[in-house]
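Read off the chains here:
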Amino acid sequence: MTQQAASTTSYEQLGARVSRAINAPAAQRSRSAVLLRAEGDSPEDWTRLLDEIAENDNVTIAWRDDGVQLFWTVPAED
């Protein structure tokens, strides 16, 4: 394990994984991403992360048995 990985919290690691999924080229094209729970993920981390995501006006969360699927829209520029 690297020093950086050892110093990041489980929430930060989950956030980085979710960020990579959302920013993947295919997710950006389709404006959707599937987020799957990993075996070691903390339920509290998932709840916190999804609560924070849900605060965004342009995001829809669809619940799945194994995680969630996010859909988002990009607001038009004024």
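Every chain is numbered on its own, with residues counted from 1 as its sequence reads. Thresholds applied to this predicted model are a pLDDT of at least 70 for local features of residues and 80 or more for the giving and counting of side-chain atom pairs; totals over whole chains, interfaces and linings are not thresholded and use all residues. Hydrogens and waters are ignored; side-chain quantities use all the structure's heavy atoms.

**Q** Outline the confidence of the model for the protein chain, supporting the account with residue identities and numerical values.
**A** Confidence of the predictor at the level of single residues is captured by pLDDT, which takes values from 0 to 100. Residues of the protein chain with pLDDT of at least 70 account for 91%, and the chain-wide mean is 90. In this text, helices come from DSSP runs of H or I with a minimum length of four residues, and strands from runs of E with a minimum of two, each type numbered from the N-terminal end. Summarising per-element confidence for the protein chain, the mean pLDDT is lowest in helix H1 (residues 3–7) (60) and highest in helix H3 (residues 25–30) (96).

**Q** Just give me the short version of the sheet that holds strand E3 (residues 67–72), but keep the residues and values in it.
**A** At least two DSSP bridges between two strands are required for those strands to pair. Strand order across the open sheet formed by 3 strands is E1-E3-E2, with antiparallel pairing between neighbours. Since the sheet does not close on itself, it has two edges, and those belong to strand E1 (32–36) and strand E2 (59–64), each with one partner. Averaged over all pairs of adjacent strands, the angle between their axes in this sheet comes to 20 degrees, without regard to strand direction. Contacts are residue-level and defined by heavy atoms, with any inter-residue pair within 4.5 Å sufficient. Here an angle of 0 to 180 degrees is reported between the N-to-C directions of two axes, which are lines fitted to C-alpha atoms, with helices fitted over the stretch in contact. On the sheet, helix H2 (residues 10–23) packs against E1 and E3 and is oriented at approximately 150 degrees with respect to E1. Where helix H4 (residues 43–54) meets the sheet, it contacts E1, E2 and E3, and its direction lies at approximately 145 degrees from that of E2.

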